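Now for the letters of each chain:
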Amino acid sequence: MASFGWKRKIGEKVSKATSQQFEAEAADDKGLADDDDANWVHATKRRKEILLEDCVKKSKELKDEGADLAENRRYREAIHKWDEALQLTPEDATLYEMKSQVLMSLHEMFPAVHAAEMAVQRNPRSWDAWQTLGRAQLGLGEIALAIRSFQVSLHIFPMNPEVWKEDLSWARKLHEQQKATKTEPVQALANEKELAQESIPDYDFESDEIVAVCAAIAEKEKALSAAKTVVIVSASGTVETVTEVENCPTTPDETLFIRAR
């Protein structure tokens, strides 16, 4: 009868040398795999760099084409070129600033302000972006905001005579006119109120003169009420006016035809 025992473990008779060789081969395979991963990451980065360089190059070409179109007053075509360039380089503040200028030439002030704001957000240190934003705000009637934008532009580039002599001085002049325009209606209303108050005389109803006048008027009314006038028309057509004294009525004769007061 066969006896049962513990089964040998797998690999129990594998020699030490064979095991070391297997481990070495596995390490080599791992090293090759790591090298392949590194090469793949490097290749991916390089492809991204090449793609970015191509985007920048193509964006510059579109920007230059749009500038040429804008100089020839083909504004809509220029905007189309710059929009294509913004798809490739959306962080280019110059594209937004140029677009804002062209939109102002087309008298589209709301889009012009928006484009200039985008330019300022992407490059807050761009003095020309702030200048363009101020001009767009001025065209929209936002004079106070335009003055602030021009001041920021001068803070970045203090030696810019164009902003000093043209933009900021004109904006301040408009601001003063706006303040004067708002003040005139208020002053006119105050003057009208003052005149209305002066046109009403201030009577002293308890003065001696007023009391005497009132007494004279009362006596005259009393005298008039004491005498009554009667118009009598006879049958023959004769009109006669008779004054009746109070408590002494006049009795008409039998020839009366009409009695009218």
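Within each chain, residues carry numbers counting from 1 in the order of the written sequence. Since the coordinates come from a predicted model, pLDDT governs what is reported: local features require at least 70, and pairs of side-chain atoms require 80 or more to be given and counted, while whole-chain, interface and lining totals use all residues. Side-chain metrics rest on all non-hydrogen atoms present in the structure, leaving aside hydrogens and water.

Asker: I would appreciate a short explanation of the packing of helix α2 (residues 75–88) against helix α3 (residues 93–105) in the present structure.
Answerer: A pair of packed helices is captured by two measures, namely the crossing angle of their axes and the spacing between those axes. Where α2 meets α3, the closest approach of the two axes is 10 Å, and the angle between their N-to-C directions is 160 degrees. By the criterion of interaxial angle, the relationship of α2 to α3 is roughly antiparallel. Where α2 crosses over α3, the handedness of that crossing is left-handed. Two secondary-structure elements touch here, α2 through Tyr75, Ile79, Trp82, Asp83, Ala85 and Leu86 and α3 through Leu95, Tyr96, Met98, Lys99, Val102, Leu103 and Ser105. Among the residues forming the contact of α2 with α3, the class breakdown is 10 nonpolar, one polar and two charged. Note on geometry: axes are C-alpha line fits, over the in-contact stretch for helices, and angles between N-to-C directions span 0 to 180 degrees. Think of it this way: any DSSP run of H or I at least four residues long counts as a helix, any run of E at least two long counts as a strand, and we number them from the N terminus. In what follows, roughly perpendicular refers to angles from 65 to 115 degrees, roughly parallel to angles under 35, roughly antiparallel to angles over 145, and oblique to any angle outside these ranges. For a crossing to be left-handed, the near helix must be turned anticlockwise from the far one by less than a right angle; the clockwise case is right-handed. The contact criterion used is simple: two residues touch if any of their non-hydrogen atoms lie within 4.5 Å. Any residue that is not Ala, Val, Leu, Ile, Met, Phe, Trp, Tyr, Cys, Pro, Asp, Glu, Lys or Arg is counted as polar, Gly included; the first ten are nonpolar and the last four charged.

Asker: Could you clarify how one ought to interpret the pattern of salt bridges in this entry?
Answerer: Side chains bearing opposite charge may pair, as long as their charged atoms lie close to each other. Here, a salt bridge means any Lys or Arg side-chain nitrogen found within 4 Å of an Asp or Glu carboxyl oxygen. The full count for this structure, using the stated rule, is nine salt bridges. Residues Asp92 and Lys63 are paired through a salt bridge, measuring 3.0 Å at the closest nitrogen-oxygen approach. Here Asp92, found in the loop between α2 and α3, pairs with Lys63, found in helix α1 (residues 16–71); they are 29 residues apart in sequence, far enough to count as distant. Only protein chains enter the calculation, and the probe is 1.4 Å; a residue is then buried if its accessible area is under 20% of its type maximum, exposed if over 50%, and partly exposed in between. According to the relative accessible area criterion, Asp92 is buried, its value standing at 17%. Residue Glu65 is joined to Lys81 by a salt bridge in which the shortest nitrogen-to-oxygen separation is 3.2 Å. On the criterion of sequence distance, the pair formed by Glu65 in helix α1 and Lys81 in helix α2 is long-range, its members being 16 residues apart. Via salt bridges that share partners, Arg135, Glu162 and Asp167 belong to a single interconnected network.

Asker: How do you make sense of the UniProt feature "repeat: TPR" (unreviewed entry) in the chain when you look at a structure like this?
Answerer: UniProt positions are given in the numbering used here, feature names are shortened, and annotations may be inferred rather than shown by experiment. Here the UniProt feature "repeat: TPR" (unreviewed entry) sits at residues 59–92 and 127–160. Along residues 59–92 the backbone is 79% helical and 0% strand, and the end-to-end C-alpha distance reaches 9 Å. The annotated region residues 127–160 carries 79% helix and 0% strand content, and the separation between its end C-alpha atoms amounts to 9 Å.

Asker: Quick question: what am I supposed to make of the nonpolar core here?
Answerer: The nonpolar side chains of soluble globular proteins are, as a tendency, buried together. By nonpolar core we mean a set of buried residues, namely Ala, Val, Leu, Ile, Met, Phe, Trp, Tyr and Cys, connected to one another through side-chain atoms within 4.5 Å. The biggest cluster of nonpolar side chains holds 29 residues, and the ones touching the most others in it are Trp82, Val102 and Leu133. Mapped by element, the contributors of at least two residues to this core are α1, α2, α3, α4 (109–122) and α5 (127–139). Sort the elements by how many residues they give to this core and α4 lands first, with eight residues. In contact with Val102, other than residues within four places in its own chain, are Ala70, Tyr75, Ile79 and Trp82. Counting residues in each nonpolar core, the second largest holds 10 residues, with Leu138, Ala146, Ile147 and Val163 among its members.

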